[in-house]
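What follows is each chain in one-letter form.
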Amino acid sequence: MFENLKEILVLKLKMPPEHIVPEATKEDIELDSLAAVELSVILGERGITISDDELLEAATVGEMAKLIESRSTNL
Amino acid sequence: MSRHDIAVTGLGLVTPSGIGVEPNWAAVCDGRPSAAHDPLLKDNPVRISCRVPDFEPAQLLGGRRAHRLDRFTQFALVAAREAITSAGLDIATWDGARVGVVLGCAAGGPGTVEEQHLILTEKGPASVSPLLLPMQLPNMLAGQTAIEFGATGPNLVVATACASGATAIGTASDLLALDRCDIVLAGGSEAMITPLVMAGFAQMGALSRREDDPAAASRPFDADRDGFVAGEGAGVLVLERADDTRARGARARARVAGYGASADAHHITTPHPEGTGVESAIRSALADAGATPGDVGHVNAHGTSTPLNDLTEARVLRRVLAGAPLVTSTKGATGHLLGAAGAVEAVFSVLTVERGLVPPTANLRTLDPHIDIDVATAATPRKIGLALSNSFGFGGQNAVLAIAAA
């Protein structure tokens with residue numbers, strides 16, 4: 001799931017790939033409240049229901065990936 | 001406090017004639033038109049536009065930054081960066097609190113609005129981007145410029161349609177004269193070439209329909225002109241009080257010697273047939289500059305290539321400027337940049353007085369027999385002490401800048 005999340009962040013939100021490591025924080029990758037909504041919308045389009053608030057609660061990108069994984073329905 | 005001592009110390013351009021001041025000046029002096037068929041408009045009644053060539057926002061601004069900016073803001077940031085650098089200013093050391101931003105824009109980000117509206121209708125409101133508002137609001141032009149360059153002085157966007165870029169420069173001069181700040185990034189930007197907007201312009205009958213020869217469609221003052229060609233881009237000038245320019249050992253490229261503004265109060269799109277509003281703005285600009293009509297050596301006309309504007313404008317110029325200045329419209333080369341036009345043309349006016357060269361009006365083959373002014377058809381070396389740059393907007397908003405040699 002980390003690789004899937006990284007792919008979304010790089011391809012859809014245009015974040016620089018070298019910054020996206022599991023230990024990176026929201027601030028490290030400049031994931032502000034607006035970007036969290038964007039991410040939530042994209043995940044929603046892939047059948048994963050998770051709010052921007054919940055995404056912002058994750059301390060690192062790695063934790064965010066785990067959170068998203070826990071919400072994924074197996075398609 | 002006099003406006004007469006406002007110096008232009010920096011210039012930046014992103015237009016269909018090129019990215020950067022020098023490529024633009026070369027293309028415009030060469031009379032090279034930029035109009036072409038636009039694949040985005042293939043389903044529109046008019047498929048001609050002037051596009052900024054090879055514009056790579058991710059490369060110029062960084063992918064992440066560019067993603068969160070509508071095209072009109074992308075243009076402005078690139079042009080502003082060039083202007084600041086050319087003024088010899090360093091954002092790391094300048095006093096941002098004394099740097100103002102006044103930029104003109106007609107429409108804001110219609111590209112983003114149309115894209116998100118499609119998403120709304122196809123996928124529903126929960127799929128609309130949270131960036132819609134920050135990307136499309138016109139004021140964001142100035143807000144994003146503040147963020148990019150650390151400018152925390154007065155910060156605003158002005159909207160006077162096709163006069164916006166000129167109005168911005170006049171307004172910026174006022175701020176400097178009132179000592180509200182020491183440096184202003186002044187100019188305009190526009191990215192209005194979208195299917196909806198262009199359909200609107202086409203329905204108004206404002207656009208040239210020269211589909212068989214789009215390169216020749218924008219032909220100001222020509223007997224066969226039939227409408228304007230929409231363009232896109234940005235022009236930014238760095239303005240400072242002349243005293244401050246001298247104090248920091250910088251070079252003034254030219255001076256904004258005067259500004260005149262008026263309203264036609266006539267019709268939402270048609271200029272006043274007698275051009276009384278334009279005359280009033282010209283006379284105001286000259287009075288502001290402490291100059292007389294005979295002092296004007298050159299006019300960078302509004303010259304949109306519409307049958308009505310060019311005729312009315314020429315009539316006013318003939319009537320008011322007895323000295324028969326050499327007139328040109330750079331819209332023959334760049335197209336009509338709408339809210340950015342007044343700023344882009346102010347840059348060309350600065351270059352004209354700085355370099356003593358009047359650029360030609362591209363595509364002008366046969367001067368309209370009803371037009372009785374001297375229009376440049378080749379790049380003409382001439383020492384110009386005072387030039388006027390005209391911009392007139394829908395709604396009858398007129399802005400005239402008097403640009404003087406430094």
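Residues numbered from 1 in each chain as written. Chains lettered and ligands numbered in written order. Predicted model: local features only at pLDDT ≥ 70, side-chain atom pairs only at ≥ 80, totals over all residues. Heavy atoms only, no water.

Brief notes about the overall build of chain A
Phase 1 of the analysis: Looking only at helices and strands, chain A has four helices and zero strands in total.
Phase 2 of the analysis: When its helices and strands are written in sequence order, chain A yields α-α-α-α.
Phase 3 of the analysis: Oriented by its inertia axes, the alpha-carbon framework of chain A measures out at about 30 × 20 × 20 Å.
Phase 4 of the analysis: Residues classed as buried in chain A amount to 39% of the 75 residues present. (Helix = DSSP H or I, 4+ residues; strand = E, 2+ residues; numbered from the N terminus. Buried < 20%, exposed > 50% of the residue type's maximum accessible area, 1.4 Å probe, protein only.)

Observations concerning the packing of helix H4 (residues 71–86) of chain B against helix H7 (residues 140–149) of chain B
Residue and element names in this part refer to chain B.
Phase 1 of the analysis: The N-to-C vectors of H4 and H7 enclose an angle of 45°; their axes lie 10 Å apart at closest approach. Considering the angle they form, H4 stands oblique to H7. As for how H4 packs across H7, the hand of that crossing is right-handed. Between H4 and H7, the contacting residues are Phe72, Thr73, Ala76, Leu77, Ala80, Arg81 and Ile84 on the first element and Met140, Leu141, Gln144, Thr145, Glu148 and Phe149 on the second. (Axes fitted to C-alpha atoms, helices over the stretch in contact; angles between N-to-C directions. Parallel < 35°, antiparallel > 145°, perpendicular 65-115°, else oblique. Left-handed = near helix turned anticlockwise from the far one by under 90°. Contact = heavy atoms within 4.5 Å.)

Re the pairing of strand E5 (residues 99–104) of chain B
Here is the key point about a regular strand: its side chains alternate between the two faces of the sheet.
All names here are of chain B.
Phase 1 of the analysis: With six of its six residues buried, E5 lies for the most part within the structure.
Phase 2 of the analysis: Going residue by residue along E5, you find Val99, Val101 and Leu103 tucked away on one face and Gly100, Val102 and Gly104 tucked away on the opposite face as well.
Phase 3 of the analysis: Here E5 pairs with strand E7 (residues 183–190) via six bridges, running parallel. Residue pairing for E7: Gly104 is matched across the bridge by Gly188.
Phase 4 of the analysis: Examined bridge by bridge, E5 and strand E6 (residues 155–158) share four bridges and lie parallel to one another. When the bridges of E6 are listed, Val102 appears paired with Leu156. (Pairing = 2+ DSSP bridges.)

Looking at the pattern of salt bridges
All names here are of chain B.
Phase 1 of the analysis: As enumerated under the stated definition, the model contains 28 salt bridges over all chains in all.
Phase 2 of the analysis: Between Asp244 and Arg241 there is a salt bridge, with the nearest N and O atoms lying 3.0 Å from each other.
Phase 3 of the analysis: On the basis of relative accessibility, which here comes to 26%, the residue Asp244 falls in the partly exposed class.
Phase 4 of the analysis: Each of Glu22, Arg251, Arg253, Glu354 and Arg355 takes part in one network of salt bridges that share partners. (Salt bridge = Lys/Arg side-chain N within 4 Å of Asp/Glu carboxyl O.)

Side note on the interface of chain A and chain B
Phase 1 of the analysis: Contact residues are listed per partner, giving 13 residues for chain A and 12 residues for chain B.
Phase 2 of the analysis: Taken together, both faces of the contact between chain A and chain B bury some 950 Å²; the carbon and sulfur share is 53%.
Phase 3 of the analysis: Among the residues of chain A in contact with chain B, Lys14(A), Leu34(A) and Glu38(A) are the three that bury the most area, contributing 46% of the side total.
Phase 4 of the analysis: On the surface where chain A and chain B come into contact, there are two salt bridges.
Phase 5 of the analysis: At the junction of chain A with chain B, the criterion picks out six residue pairs in polar contact (both at pLDDT 80 or more).
Phase 6 of the analysis: Residue classes in the side of chain A that touches chain B are distributed as seven nonpolar, no polar and six charged. (Buried area = accessible area lost by both parts, 1.4 Å probe. Polar contact = N/O pair within 3.5 Å; in protein donor to acceptor, adjacent residues only side chain to side chain. Nonpolar A, V, L, I, M, F, W, Y, C, P; charged D, E, K, R; others polar.)

A few points about the layout of surface pockets
Phase 1 of the analysis: By volume, the largest pocket amounts to about 740 Å³.
Phase 2 of the analysis: Lining the largest pocket are 34 residues; nearest its centre among them are His67(B), Glu115(B), Gln116(B), Ile119(B) and Met135(B).
Phase 3 of the analysis: Counting residues per element, the ones that place at least two in the lining of the largest pocket are helix H2 (33–45) of chain A together with helix H5 (110–123) and helix H6 (132–136) of chain B.
Phase 4 of the analysis: The element contributing the most residues to the lining of the largest pocket is H5(B), with seven residues.
Phase 5 of the analysis: Residues of the lining of the largest pocket, tallied by class, amount to 15 nonpolar, seven polar and 12 charged.
Phase 6 of the analysis: The space that makes up the second largest pocket amounts to roughly 480 Å³.
Phase 7 of the analysis: What lines the second largest pocket is a set of 34 residues, and nearest its centre among them are Thr269(B), Pro271(B), Thr306(B), Asn309(B) and Phe394(B).
Phase 8 of the analysis: For the lining of the second largest pocket, the elements supplying multiple residues, two or more each, are helix H9 (195–204), helix H12 (307–320), strand E15 (386–393) and strand E16 (397–405) of chain B.
Phase 9 of the analysis: Considering each element in turn, the lining of the second largest pocket owes the most residues, six residues, to H12(B).
Phase 10 of the analysis: Of the residues contributing to the lining of the second largest pocket, the split by class is 14 nonpolar, 17 polar and three charged. (1 Å grid on protein atoms, 1.4 Å probe; cavity = no way out; pocket = protein on both sides within 12 Å on 5 of 7 lines; lining within 4 Å. Points joined across faces, edges and corners; volume = space filled by probe spheres on them.)

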